[in-house]
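Overview (structure and organization)
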Amino acid sequence: MADRVYVFDTTLRDGEQSPGATMNLDEKIRMARQLETLGVDVIEAGFPIASQGDFEAVQAIAQAVENVQVAGLCRAVVGDIDRCWEAVKEARNPRIHTFLATSEIHMKHKLGKTADQVKVMVDKAVRHARQYTDNVEFSAEDASRSDWDFLVQITEIAIEAGASVVNIPDTVGYTQPFEYYDLIKYLMDNVKNVDDAVISVHCHNDLGSAVANSLAAVRAGARQVECTVLGIGERAGNAALEDLVMALNTRRELYDVETGVDTEQLFPSCRRLSQIIGMPIPPNKAIVGANAFAHESGVHQDGVIKNRLTYEIMTPASIGRTSNDIVIGKHSGSHAVKNKAEELGYTLDGEQIQVLFKAVKDLADKKEQVFDEDVEALILETVYRRLDKFRLVDMSVFSGTGDVPPHAAMVMEFGAVGQDAETRRTSEFGEGSIDAVFQAIYALVGIAPKLEMYSVNAVTEGSDALAGVAVRIEHDGVKAVGRANDGDVIRASAMAMVNALNRLVKAKEEK
Ligand code: KIV
Ligand code: ZN
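Residues numbered from 1 in each chain as written. Chains lettered and ligands numbered in written order. Predicted model: local features only at pLDDT ≥ 70, side-chain atom pairs only at ≥ 80, totals over all residues. Heavy atoms only, no water.

1. So, the site of ligand 1
With respect to spatial proximity, the complete set of residues near ligand 1 consists of R13, D14, L73, H97, F99, S139, E141, N167, P169, T171, H202 and H204. At 2.9 Å, a side-chain N or O of R13 approaches an oxygen atom of ligand 1. One of the side-chain nitrogen or oxygen atoms of H202 is found 3.1 Å away from an oxygen atom of ligand 1. Contributing elements (two or more residues each) for the shell around ligand 1: β5 (94-101), β6 (136-141) and β7 (165-170). Among the residues making up the shell around ligand 1, the classes are represented as three nonpolar, six polar and three charged. (Near = heavy atom within 4 Å. Polar contact = N/O pair within 3.5 Å; in protein donor to acceptor, adjacent residues only side chain to side chain. Helix = DSSP H or I, 4+ residues; strand = E, 2+ residues; numbered from the N terminus. Nonpolar A, V, L, I, M, F, W, Y, C, P; charged D, E, K, R; others polar.)

2. What about the domain arrangement of the protein chain?
You can read the domains of the protein chain as domain 1 (3-277), domain 2 (293-322), domain 3 (334-383) and domain 4 (390-510). Once you take the C-alpha centre of each, domain 2 and domain 4 turn out to be 42 Å apart. (Domains from an automatic or database assignment.)

3. Description of the coordination of the zinc ion (ligand 2)
Surrounding the zinc ion (ligand 2) are the protein donor atoms D14 (OD), H202 (NE2) and H204 (NE2), at 2.0 to 2.1 Å. Mapped onto the sequence, the residues coordinating the zinc ion (ligand 2) show the spacing D-x187-H-x1-H. Taken as a pair, D14 in the loop between β2 (6-9) and α1 (25-38) and H202 in strand β8 (residues 198-203) lie far apart in primary sequence, 188 residues in all. An identical accessibility class is assigned to D14 and H202; each is buried. (Donors = N, O, S within 2.8 Å, 3.2 Å for Na, K, Ca; no water. Buried < 20%, exposed > 50% of the residue type's maximum accessible area, 1.4 Å probe, protein only.)

4. A look at the sheet that holds strand β13 (residues 422-429)
Pairing is antiparallel across the open sheet formed by three strands, whose spatial order is β11-β12-β13. In this open sheet, the two edge strands, each paired with only one partner strand, are β11 (390-398) and β13. Taking the axes of each pair of neighbouring strands and ignoring which way they run, one obtains an average angle of 15 degrees across the sheet. Both strand β12 (residues 407-414) and β13 contribute to a ladder of eight bridges, which runs antiparallel. From the neighbouring strand, M410 faces β13, where its bridge partner is T426. Packed onto the sheet, helix α16 (residues 433-445) meets β11, β12 and β13 and runs at close to 35 degrees relative to β12. (Pairing = 2+ DSSP bridges. Axes fitted to C-alpha atoms, helices over the stretch in contact; angles between N-to-C directions. Contact = heavy atoms within 4.5 Å.)

5. Regarding the environment of N167
Along the chain, N167 falls in strand β7. N167 sits in the buried class, given a relative accessible area of 1%. Separated by 59 residues in the primary sequence, N167 and K108 have C-alpha atoms spaced 21 Å apart. Other than its neighbours up to four places away in sequence, N167 contacts H97, E137, F138, S139, A140, S200, V201, H202 and E226. Within polar-contact distance, the side chain of N167 engages the side chain of S200 at 2.9 Å.

6. Topic: the sheet that holds β2
One closed barrel holds the eight strands; their spatial order is β2-β3-β4-β5-β6-β7-β8-β9, and the pairing between them is parallel. Across the sheet, the mean angle from the axis of one strand to that of its neighbour is 25 degrees, orientation sign disregarded. Here β6 pairs with β7 via three bridges, running parallel. Paired with S139 across the two strands is N167, which belongs to β7. Along the sheet, helix α6 (residues 148-161) makes contact with β6, β7 and β8, crossing β7 at roughly 150 degrees.

7. A closer look at the pattern of salt bridges
This model, assessed by the stated rule, comprises 37 salt bridges. Residue D3 pairs with R223 through a salt bridge whose shortest N-O separation is 2.9 Å. Within this pair, whereas D3 is found in strand β1 (residues 3-4), its partner R223 is found in the loop between α8 (210-220) and β9 (224-227), the two being separated by 220 residues in sequence. Here the residues in one salt-bridge network are R13, D14 and E44, joined through shared partners. (Salt bridge = Lys/Arg side-chain N within 4 Å of Asp/Glu carboxyl O.)

What follows is the structure in structure tokens.
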């Protein structure tokens with residue numbers, strides 16, 4: 001029987017650390033549920049000591065999922081470990097993931113500790129965590145730049161103290177496949193008690209080698225891979241889950257291992273994350289990009305027509321990418337909408353179905369074809385939109401090439417929906433029509449943030465496609481991301497900015 005490689009997903013922890021990928025609590029829970037459906041073995045839900053928000057998110061995810069382990073990250077110190085346990089303990093199978101740096105450069109300059117002190121800390125931390133659970137993982141941060149014999153000793157200490165998983169991260173994305181293979185093999189051959197634990201790998205993509213390094217490590221005996229959906233993560237990101245899983249599956253004869261991942265959930269998972277964080281999937285992204293299965297050259301097309309295997313090493317269906325079927329039309333009933341939502345992985349109650357049904361109908365009036373992506377965007381837009389403190393009511397925008405600068409008139413509502421809500425109006429000039437819209441919103445809300453990022457993408461194809469807008473703003477050291485989809489790009493921009501400002505205000509309150 002093939003060995004099992006455990007898939008440890010850190011989209012909600014390391015992934016969420018990537019700029020622009022911040023998710024709120026509801027979004028994290030929805031993503032966690034999708035990861036459970038995908039069949040990952042472990043969800044790393046966050047870093048509980050980092051903030052109250054992180055703590056609550058880990059706790060909520062621990063309660064929300066059943067068939068997957070839930071890990072929390074903590075430094076190798078008692079207070080962190082205790083806080084982590086508080087957050088994960090209600091999971092059906094909780095894991096404490098504690099870490100400490102082991103490279104010379106980190107020990108000396110970051111920790112100010114000697115190698116001997118680090119050894120003692122590892123032992124203590126793992127033993128402390130073991131008082132709570134026998135599911136303890138230890139990570140030797142910056143392992144790939146650590147002395148190999150020191151790593152052998154650290155791994156032995158962690159296992160001896162009770163760690164069931166020891167992770168050997170390439171924290172700075174520095175290693176290369178053959179070097180990493182040798183390192184993992186060295187540990188497999190020299191760590192005396194290596195059979196008592198799973199050796200895990202966690203690769204960053206700074207040199208573009210995260211997936212290749214992880215695969216080399218599997219060849220050398222690693223049996224847990226840490227990764228993120230779409231490879232999001234610190235700096236250049238982490239190893240992409242979908243790439244790893246499909247490489248292990250497609251080249252099974254090389255690796256002779258299996259994972260618990262349902263590959264047909266790969267594309268839906270990537271699409272879900274992309275929708276939530278408002279980051280489009282690059283067209284040339286391996287496995288799930290729009291071009292991944294598109295054959296452009298005549299020679300290739302000819303080959304594929306004669307026999308798909310000439311140029312196709314896997315099928316779109318195997319990653320859950322069905323053809324862009326038109327799903328909903330003007331005449332579809334609410335039942336069809338409900339079924340579609342369920343097929344996309346959303347269980348909605350009666351009221352939510354009605355909200356979605358109306359939104360889908362409105363869109364079908366404006367847009368010729370309504371695709372899965374549209375329905376998913378509408379679910380996020382209408383059903384899951386949080387109760388905002390202020391909302392966009394109406395707007396009118398002037399753009400032109402003459403002497404009158406672009407300007408926007410804006411009406412917004414503040415406070416609870418209903419009688420208590422206060423309506424405010426203004427109009428402002430801007431450099432362009434979007435700038436005018438933003439200036440008017442800033443004037444009404446009374447906050448003028450720095451706009452750090454603004455991006456527009458078509459949710460599907462065609463000139464009537466929904467526009468997906470994402471903005472990132474900063475004010476007084478607090479950052480927030482806002483996203484919105486709408487058939488009109490200016491309206492989508494306004495909605496995204498209102499969304500970002502609502503999140504900013506909330507984040508400031510929490511701070
Ligand atoms: O990159 C890294 O080393 C990490 C550890 C905390 C596992 O994310
Ligand atoms: Zn990392």
